[in-house]
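# Descriptive structure summary
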Amino acid sequence: MDYQAVLEEVAATAAPQVGRGQPAGYIPALAGVDLGGFGMAVADVDGSVTGVGDWQVPFSIQSVSKAFGLALVLARDGESLWGRVGREPSGTAFNSLVQLEYENGIPRNPFINAGALVVTDRLQSLTGDASTSMLDFLCTQSGNPAVSFDPQVASSESEHGDRNAALAYLMASYGNLDNPVPTVLDHYFWQCSISMSCRDLALAGSFLARQGVGTDGSRLLPARDVKRVNAVMLTCGTYDAAGDFAYRVGLPGKSGVGGGILAVVPGRCTLCVWSPGLDLRGNSVAGVAALDAFTSLTGWSVF
Ligand code: GLU
């Protein structure tokens, strides 16, 4: 596969979509971001990485971090997480409170905010420092020791985090958090603030295409658990638009309101695309268009 040629064609196809949509206005530190950015990278299972556009420009990974959080907890703790969080699409917004009360404080899946807070809580119990353990993992797997938190984004989220606090306190009232709510929120905001490029994220997610083996050759997860993380990404990874994403792209994916999307072609490669303009559901407009173009051009989807 001539990745460079494919990516250039994909970028040209997605170009009319760049600049469309809105930034994540509810996080002030992200509200002013230039909507004109677009980058895309492919990390082949052989370890090589190819990119186009702003593929080496760091951006706020936001909820893409949730895919790594789930993998880190499954790797340490096996199946027990599933007693505290489900694995069904929610059919509601990623930060909805309503369903959480009906369902007794058990979030529908690990990728809505409530579910990710439970995952962060578990990672905190398992490691003693959830956000730093995620950062260390991302530095190692991307091969880039400069991957870092963005304190401005973390504090902006914390200052405007009433909705996430409400989710956390509601779950705590049902006994579904082990650590103090402020601790869980803090680690959650720090993990969302991590700043990485498409290159870094595609490499860091490589284990999802390599049956659990990371870029450093170490086994991060059993192949069985990689299948499971990818399945949850496919069904729940792109907010309340996972059906539309599966229809258009046909790959497991995890998006974030920073405009990044990580997608996996099992056995072949991981893809990361970034463009900050979001559609009404919170997915990058140009990012989804680019992934749609990539799988249409290559025929590489899971379907
Ligand atoms: N930190 C963001 C929040 O909690 C993440 C949202 C996202 O990317 O889905 O609202």
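Just so we're clear, the structure is a prediction, and the values are computed from it rather than from any experiment.

Conventions adopted
Residues numbered from 1 in each chain as written. Predicted model: local features only at pLDDT ≥ 70, side-chain atom pairs only at ≥ 80, totals over all residues. Heavy atoms only, no water. Near = heavy atom within 4 Å. Polar contact = N/O pair within 3.5 Å; in protein donor to acceptor, adjacent residues only side chain to side chain. Areas by Shrake-Rupley, 256 points an atom, 1.4 Å probe, with all protein chains shown as cover. Nonpolar A, V, L, I, M, F, W, Y, C, P; charged D, E, K, R; others polar. Helix = DSSP H or I, 4+ residues; strand = E, 2+ residues; numbered from the N terminus. Buried < 20%, exposed > 50% of the residue type's maximum accessible area, 1.4 Å probe, protein only. Contact = heavy atoms within 4.5 Å. Axes fitted to C-alpha atoms, helices over the stretch in contact; angles between N-to-C directions. Parallel < 35°, antiparallel > 145°, perpendicular 65-115°, else oblique. Left-handed = near helix turned anticlockwise from the far one by under 90°. Core = buried A, V, L, I, M, F, W, Y, C linked by side-chain atoms within 4.5 Å. UniProt positions renumbered as here; feature names shortened; annotations may be inferred. Salt bridge = Lys/Arg side-chain N within 4 Å of Asp/Glu carboxyl O.

### Regarding the site of the ligand
- Inspection of the region around the ligand gives Y26, Q62, S63, F94, N113, E157, N164, Y188, C192, Y239, G256 and V257 as its neighbouring residues.
- Here Y26 contributes a side-chain N or O atom positioned 2.5 Å from an oxygen atom of the ligand.
- In this structure, N113 approaches the ligand through a side-chain N or O atom, which is 3.0 Å from an oxygen atom.
- Coverage of the ligand by the protein amounts to 99% of the 290 Å² it exposes when considered alone.
- When its residues are assigned to classes, the shell around the ligand shows six nonpolar, five polar and one charged.

### Describing the environment of R219
- By secondary structure assignment, the location of R219 is in the loop between α10 (198-204) and α11 (223-236).
- Given the relative accessible area of 51%, R219 is considered exposed.
- With 144 residues separating them along the chain, R219 and A75 place their C-alpha atoms 9.8 Å apart.
- For R219, the residues in contact, after removing those within four places along its chain, are Q211, G212 and V213.
- Within the structure, R219 has its side chain in polar contact with the backbone oxygen of Q211 (distance 2.8 Å).
- Here the side chain of R219 touches L221 through a polar contact of 2.7 Å, landing on its backbone oxygen.

### Remarks on the packing of helix α6 (residues 130-142) against helix α9 (residues 181-192)
- Running from N to C, α6 and α9 point in directions that differ by 25 degrees, and their axes come no closer than 8 Å. With respect to their mutual orientation, α6 and α9 come out roughly parallel. As α6 packs across α9, the resulting crossing turns out to be right-handed. Contacts from A130, S131 and M134 of α6 reach α9 at H187, W190 and Q191.
- Taken together, the residues of the contact of α6 with α9 sort by class into three nonpolar, three polar and no charged.

### Observations concerning the nonpolar core
- F68 and L138 are the most contacted members of the largest nonpolar core, which has 62 residues in total.
- Ranked by the residues each element gives to this core, the list is headed by helix α3 (residues 65-77), at seven residues.
- Membership of the second largest hydrophobic core comes to 27 residues, among which are A263, V288, A289 and F294.

### Topic: the UniProt feature "binding site: substrate" (unreviewed entry) in the protein
- On the UniProt side, "binding site: substrate" (unreviewed entry) is annotated at positions that read S63, N113, E157, N164, Y188, Y239 and V257 here.
- On the basis of relative accessibility, which here comes to 6%, the residue E157 falls in the buried class.
- With sequence-adjacent residues up to four places away left out, E157 is seen in contact with I27, Q62, N164, F189 and C192.
- Accessibility expressed as a relative area gives 6% for V257, which makes it buried.
- Those residues in contact with V257 that sit more than four places away from it in its chain are A24, Y26, I27, Q62, F94, Y239, L278 and G282.

### Points about the pattern of salt bridges
- Applying the stated rule across the entire model yields nine salt bridges.
- The partner of R199 in a salt bridge is D200, with the nearest N and O atoms 2.8 Å apart.
- The exposure class assigned to D200 is buried, which follows from its relative accessible area of 5%.
- Each of E79, R224, D225 and R228 takes part in a single network of salt bridges with overlapping partners.

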